[in-house]
Number of protein chains: 2
Amino acid sequence: MHILILGAAGMIGRKLAQSLSQDGHRLTMADVVAPPVLPNATGMTLDLTAAAAPSLIAGRPDAIIHLAAIVSGEAEADFDKGYATNLDSTRALLEAIRATPGYVPKVIFASSIAVFGAPFPAKIPDDFFTTPRTSYGTQKAITELLISDYTRRGFIDGISIRLPTICVRPGLPNKAASGFFSNIIREPLVGKPAILPVSDTVRHWFASPGAAVGFFRHALTLDLSLLGDRRALSMPGLSATVAEEIEALRRVAGQKAVDLISRIPDETIARIVSTWPCDFDTARARALGFVAETSFDAIVAAHLKEI
Amino acid sequence: MHILILGAAGMIGRKLAQSLSQDGHRLTMADVVAPPVLPNATGMTLDLTAAAAPSLIAGRPDAIIHLAAIVSGEAEADFDKGYATNLDSTRALLEAIRATPGYVPKVIFASSIAVFGAPFPAKIPDDFFTTPRTSYGTQKAITELLISDYTRRGFIDGISIRLPTICVRPGLPNKAASGFFSNIIREPLVGKPAILPVSDTVRHWFASPGAAVGFFRHALTLDLSLLGDRRALSMPGLSATVAEEIEALRRVAGQKAVDLISRIPDETIARIVSTWPCDFDTARARALGFVAETSFDAIVAAHLKEI
């Protein structure tokens, strides 16, 4: 299968590309920074603007996995760039596909739980409305609607995959408001300190990087007609509190690791996090065979395999 | 108050303009066909394309009531025209507003229950998801998201008003799939025959033209900050069956009028109508003071006052 990955140099993109390459798929990997070099893969280093769309699909890939986006904070800080990158580029891609006679690729779009906006029910059901409270979430929700409409009209065979917060993120601590969820596991596991800016009772919605790769791999082989016209799906994940995270850390690395976490409350972060969804009923995705971790121990174990 | 009405020559636009003009508001009335001439009103006859957006707001109206759209059937038949007219023109309008320093008008957008797609619960709640099954519904749902995001960012003070099916529509019978709901009342009331293409048990969601005018008038004076970030609202309406329509006709015009209705089943129309929503719980809109008819007798009475 020839698979185009947009955002192939990112954290999920790299892992996914490696896994698909190992399976013998032919890849085209595009990103604004040079994607990793892999067997049977062509790299394209380019800005994924609307103007670039036709060149991306010139090779008529069988499937397109679209992970490219600017993040929430940047889309909020730069309104024009957010809409151009996260909405217009994707719409241009869909239009380029529609303009190619006889070409109906599978399109797997990485969406986000940011399409939802507080207040929430205790568990967000599959039929809950999308009222994003960021421009990023708005752009994702709009793209979901486009993916569904272009599918319904027969121009693509699409699915939107709403990812949980990915944990444990590899790499250095970052300033994303959600960074601490990963920092408090990743850093103590290698003997480094980490800051916890919110209360232990804060609950959130998680999946490992490996689970995220699994969602896209599963979507590649899934008969998407099973979704009918409702092509956006909240993925399975784990609802866990910070306290549960810390207990999982303690079980694997002891009190010494837990002691590396400093509690330094940050009201701004606490306020942002309080508006995020923290639990979902993902009956539809599970019935379709999507799977994620069911304990924080499994999430920590997945991380330990990587380091 | 200076009010810009887009789509001012349409059925709702005309009634609304007349009512606002009588109240002494200054109006700018724009449409692709010449809007009616009213006191203290300026008419603009132009295609409401994206390019026209800056000229529409050059007079910095305090409020913009956006009723302009191409209808569902046309948006389905002409994909490009649907997105250009129902999405891109509105986005261009929002962008023109954003580009005008210090200008934050109230924007009241006419949305539709077409943002919802079957299957439905018995009553569609305010937090039900939008999974449109037409490109028209997709364009409305996307515009709702833009209205909410532009509001949240402080560029406009917006609301999206999801209209029920308007009944009794004045004028001649038309070929819209929903036309019969009005035809079977309007035509027999003036001694003319009408065709009923579906079963008596079909249920649908109605409001009179006058109720629709009332929704927009109420939105003009409502403090929209009461809606928080959730700026799209399903309007109140009446859930009624075709049988209930016919009984209301019988009460006002007798069996002679009912006998003018011929039952000629049309499977295509029956299938389309079966995918439409037929009942809503509109608690939010009602709490905010929006009102509609509560019986089909009232809908028929509203129509009789007009003819």
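Cut-offs and rules
Residues numbered from 1 in each chain as written. Chains lettered and ligands numbered in written order. Predicted model: local features only at pLDDT ≥ 70, side-chain atom pairs only at ≥ 80, totals over all residues. Helix = DSSP H or I, 4+ residues; strand = E, 2+ residues; numbered from the N terminus. Buried ≥ 20, exposed ≤ 12 C-beta atoms within 10 Å, placed from the backbone. Contact = placed C-beta atoms within 7 Å. Axes fitted to C-alpha atoms, helices over the stretch in contact; angles between N-to-C directions. Left-handed = near helix turned anticlockwise from the far one by under 90°. Nonpolar A, V, L, I, M, F, W, Y, C, P; charged D, E, K, R; others polar. Domains from an automatic or database assignment. Right-handed = clockwise from strand over helix to strand, strands pointing away. Pairing = 2+ DSSP bridges. Expected span 1.5 Å × (residues − 1).

Things to note about the environment of Met44(A)
Residues and elements named next belong to chain A.
Next up, step 1: Within the secondary structure, Met-44 sits in strand E3 (residues 41–45).
Next up, step 2: Under the C-beta neighbour-count criterion, Met-44 is labelled partly exposed, with 19 such atoms within 10 Å.
Next up, step 3: In sequence terms Met-44 and Arg-153 are 109 residues apart; their C-alpha atoms lie 30 Å from each other.
Next up, step 4: Setting aside its immediate chain neighbours within four residues, Met-44 contacts Thr-28, Met-29 and Ala-30.

Description of the packing of helix H6 (residues 179–189) of chain B against helix H8 (residues 242–258) of chain B
Residue and element names in this part refer to chain B.
Next up, step 1: Packing of H6 against H8 leaves a shortest axis separation of 10 Å and a crossing angle of 30°. H8 is crossed by H6, and the crossing has left-handed handedness. When H6 is examined against H8, the residues Ile-184, Ile-185, Pro-188 and Leu-189 are found in contact with a partner set consisting of Glu-245, Ile-246, Leu-249, Ala-253, Ala-257 and Val-258.
Next up, step 2: Considered class by class, the residues forming the contact of H6 with H8 number nine nonpolar, no polar and one charged.

With respect to the domain arrangement of chain A
All names here are of chain A.
Next up, step 1: On domain assignment, one finds that chain A holds domain 1 (2–163 + 208–234) and domain 2 (179–205 + 238–279 + 294–306).
Next up, step 2: Each of domain 1 and domain 2 has a C-alpha centre, and the two are 28 Å apart.
Next up, step 3: Across the contact, 10 residues belong to domain 1 and seven residues belong to domain 2.
Next up, step 4: For the side of domain 1 that touches domain 2, the residue count by class is six nonpolar, two polar and two charged.

Some thoughts on the pairing of strand E6 (residues 157–163) of chain B
Residue and element names in this part refer to chain B.
Next up, step 1: For E6, a buried count of six out of seven residues is recorded, marking the element as mostly surrounded by other parts of the structure.
Next up, step 2: In this fold, the crossover linking strand E5 (residues 106–112) to E6 by way of helix H5 (residues 135–152) has right-handed handedness.
Next up, step 3: With three bridges joining them, E6 and strand E10 (residues 232–234) adopt parallel strand pairing. Pairing of Arg-162 across the sheet is with Ser-234, part of E10.

Notes on helix H5 (residues 135–152) of chain A
Residues and elements named next belong to chain A.
Next up, step 1: With 18 residues, H5 should reach 26 Å at 1.5 Å per residue; the first-to-last C-alpha distance of 26 Å fits that figure.
Next up, step 2: With 18 of 18 residues buried, H5 lies mostly within the body of the structure.
Next up, step 3: Directly after H5, the chain includes Gly-154, whose backbone phi takes a positive value near 85°.

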